[in-house]
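Residue-level structural notes
Here is how the chains run, residue by residue.
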Amino acid sequence: MKSICFYFQVHQPYRLRNYRFFDIAEKHDYFDDYNNSFIMRKVAEKSYLPMNRLLLDLINEYGSAFKVSFSISGTAIDQFEQYAPEVLDSFKLLAESGNVEFLTETYAHSLSALTSKTEFQRQVKMHSDKIEMYFGQKPTTFRNTELIYDDKIGEAVADMGFDLMLTEGAKHVLGWRSPNFMYANAQRPELKLLLKNFRLSDDIAFRFSQQSWSGWPLTTEKFVDWLNNTAENEEVINLFMDYETFGEHQWAETGIFDFMRALPGRVFSHSDFGFATPAELAGKLQTVSPIHVPNTISWADEERDLTAWLGNDLQDEAFGKLYALKEKVQHCDDPQIQKDWLYLQTSDHFYYMCTKWFSDGDVHKYFNPYGTPYDAFVNYMNVLSDFIIRVNENTKLEENSFSELKDTATELVDKTGDAVKKTIKKTNKKLRKTLNKTKSVSFDEIKDLSNTAVKKLLREIDIEEMAAALKDAEKEVAEKIIPNLGVRAKKKYDELQSELKKINKREIARYRKNIENKLSDLFRK
């Protein structure tokens, strides 16, 4: 029997608050508690909780025949503990079923595998211990952040005792070969590799609600037919995707939950496929060949490489400055410094600095709190500057006086120089050109703006006008605007609700039109 291997990535970063240059050496609270809590609660209610209930229902219906696997980043688990403990409880119920495998990864969903073997190993152990503590499983399968992999990373994973790793079935690596087999690391053949079938995975994760796609609408009948059309000798279809696909990337209204609820039944009744976890496949499938990956790959974007996180001047500067601290941080005895060090390594911080806006813009703006990559860079470097001061003070290194450290902080922000300015200028020019192609801006498009852009808009709009425009607006628009209101504005907004019951549709349309004009003025300059 052929196998379907479902793997879901669960991750949320600790997003940084707006940290000004004048906060350096004065304030050491880096993370946006309100925004992190709001996003976690939102995704929990739209995605994690309903999807966990659905999977548990399927396990109860089909017993041991239906199985899935997860990796949950340490930063996501920490936020479950802090903001949504019922989500953690729902994952525990799945673990107790015996039909769910929990994989391990880097605790901070970091890029440490690319730069520091000791930090990489430390985070993997931290994460493995956390998984075992909560779910009663000692992980034997490893997946790196964003499926990042190359031959050397595979060797490091084998050194830690893992016998299976997941990665991307990248076309430029496989060539004529199929991802639907078990492969092995070229240097350490005892490390088996499961490769993502990106076409079938992305049909669910990205194209499910895309009405311009030739495969829309995607039904279970159609999907199982595609499974049946794979070559007879192929052994496994690896469907790897973000767990937020269900309910967040693809809203419930698209039918994504109904699709998943019906899929196992269709598979069992109309195919010779079953479901298996990665560990089960490692035990029963033999490798067909080693696969040589000299250049690092990932599952991100069209290129399947590292350019979502590293490669432009902003990302490289921030990444280099962060990991230059690793030796000093090891000698710090302050637990808060250690915790901040972990969370500052999360790959999302570098992802927000990505300038590939136009080929993958929809992906890169997902819960992105910044208006531009440059905003993300400046904010991160301000935080990092303060962190450097704290590390130096804690380790009692007599390197710089306070004033010299403050000067160093200034240099960190400015150091990218002409090359960075040129990159940003080029990016902004493209952005303006893209915006100008559209003749009008819809009020509903506010839901796609970054938090920085929304705050910029709110500074130009009276709260009375915005409150009227939000009357009967899309839920997603309100969820974007309301958390960005200041304390006084939010209080005023609440007070206005009773008065707005009398407002008519014509007045609402007028207020929205005014805001659309303001949007055009602000973002097309």
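An account of the accompanying structure is given in this report. Keep in mind that what you see is a predicted model, and the values were worked out from it rather than measured.

Focus on the overall build of the protein
Of regular secondary structure, the protein possesses 23 helices and ten strands. Out of the 525 residues belonging to the protein, those deemed buried represent 57%. The contacts of the protein with a sequence gap of at least 6 include a subset with a gap of at least 24, amounting to 79%.

Some details on helix H13 (residues 335-344)
Listed in full, the buried residues belonging to H13 are Ile337, Asp340, Trp341, Leu342, Tyr343 and Leu344. Close packing links the buried residues of H13 with helix H2 (74-83), helix H4 (117-135), helix H11 (313-323), helix H12 (326-330), helix H14 (348-351) and helix H16 (373-394). Where H13 starts, the residue carrying a side-chain oxygen 2.8 Å from the main-chain nitrogen of glutamine 336 turns out to be aspartate 334.

Digging into unusual backbone geometry
Residues tryptophan 216 and proline 217 are joined by a peptide bond in cis, for which omega reads -5°. The phi torsion at aspartate 301 lies on the positive side, around 60°, for a residue other than glycine. Considering the arrangement of structural elements, one finds aspartate 301 in the loop between strand E10 (289-291) and H11. Given a relative accessible area of 11%, aspartate 301 falls into the buried group.

A word on the packing of helix H1 (residues 33-62) against helix H3 (residues 85-96)
Describing two packed helices takes the angle between their axes plus the distance from one axis to the other. Here H1 crosses H3 at 20°, and the two axes come no closer than 10 Å. The orientation of H1 relative to H3 falls into the category roughly parallel. Here H1 and H3 pass one another in a crossing that is left-handed. The segment H1 lies against H3, with Arg41, Ala44, Tyr48, Leu49, Asn52, Leu55, Leu56 and Ile59 engaging Glu86, Val87, Ser90, Phe91, Leu93 and Leu94. By residue class, the composition of the contact of H1 with H3 is ten nonpolar, two polar and two charged.

Description of the environment of lysine 46
On the secondary structure map, lysine 46 appears in helix H1. Owing to a relative accessible area of 18%, lysine 46 belongs among the buried residues under this scheme. Separated by 203 residues in sequence, lysine 46 and histidine 249 place their C-alpha atoms 10.0 Å apart.

A short note on the packing of aromatic side chains
On inspection of all chains with the given rule, the structure shows 40 aromatic pairs. A centroid spacing of 6.5 Å and a plane angle of 40° characterise the contact between tyrosine 7 and tryptophan 299, whose relative ring orientation is tilted. In this pair, tyrosine 7 is assigned in strand E1 (residues 2-10) and tryptophan 299 in the loop between E10 and H11, connecting sequence segments 292 residues apart. The buried category is assigned to tyrosine 7, whose relative accessible area is 0%. Ring geometry for tyrosine 62 against phenylalanine 268: centres 5.2 Å apart, planes inclined by 55°, an arrangement best described as tilted. Note that tyrosine 62 is positioned in helix H1 and phenylalanine 268 in helix H9 (residues 256-270), a separation of 206 residues in sequence. Under the relative-accessibility criterion, tyrosine 62 is labelled partly exposed at 25%. Among the residues examined, phenylalanine 268 registers a relative accessible area of 30% and is labelled partly exposed.

Describing the nonpolar core
One finds Phe70 and Phe91 to be the most contacted residues of the largest nonpolar core, which totals 120 residues. The element best represented in this core is H1, accounting for eleven residues. Every residue in contact with phenylalanine 91, bar those within four places of it in the chain, is listed here: Val10, Asn52, Phe70, Ile72, Phe80, Phe102, Phe135 and Tyr243. Counting residues in each nonpolar core, the second largest holds 24 residues, with Ile461, Ala467, Leu470 and Leu496 among its members.

Some points on helix H19 (residues 451-458)
Among all positions of H19, only Asn451, Ala453, Val454, Leu457 and Leu458 are buried. Around the axis of H19, the buried residues are gathered within 160° of arc, so they sit on the same side.

As for the sheet that holds strand E4 (residues 141-143)
Read from one edge of the open sheet, five strands run E4-E5-E7-E6-E10, paired in mixed fashion. The open sheet has two edge strands, E4 and E10, and neither has a second partner. Within this sheet the neighbouring strands show an average axis-to-axis angle of 45°, counted without direction.

Structural notes on the pairing of strand E8 (residues 236-242)
Consecutive side chains of a regular strand alternate in pointing toward one face of the sheet and then the other. The buried fraction of E8 is high, at six of seven residues. Looking at chain direction, E1 and E8 are connected through seven bridges and run parallel. Bridge pairing in E8 places isoleucine 4 opposite isoleucine 237.

Analysis parameters
Residues numbered from 1 in each chain as written. Predicted model: local features only at pLDDT ≥ 70, side-chain atom pairs only at ≥ 80, totals over all residues. Heavy atoms only, no water. Helix = DSSP H or I, 4+ residues; strand = E, 2+ residues; numbered from the N terminus. Buried < 20%, exposed > 50% of the residue type's maximum accessible area, 1.4 Å probe, protein only. Contact = heavy atoms within 4.5 Å. Polar contact = N/O pair within 3.5 Å; in protein donor to acceptor, adjacent residues only side chain to side chain. Axes fitted to C-alpha atoms, helices over the stretch in contact; angles between N-to-C directions. Parallel < 35°, antiparallel > 145°, perpendicular 65-115°, else oblique. Left-handed = near helix turned anticlockwise from the far one by under 90°. Nonpolar A, V, L, I, M, F, W, Y, C, P; charged D, E, K, R; others polar. Phe/Tyr/Trp six-rings, centres within 6.5 Å; stacked < 30°, edge-to-face > 60°. Core = buried A, V, L, I, M, F, W, Y, C linked by side-chain atoms within 4.5 Å. Arc of directions from axis to C-beta. Pairing = 2+ DSSP bridges.

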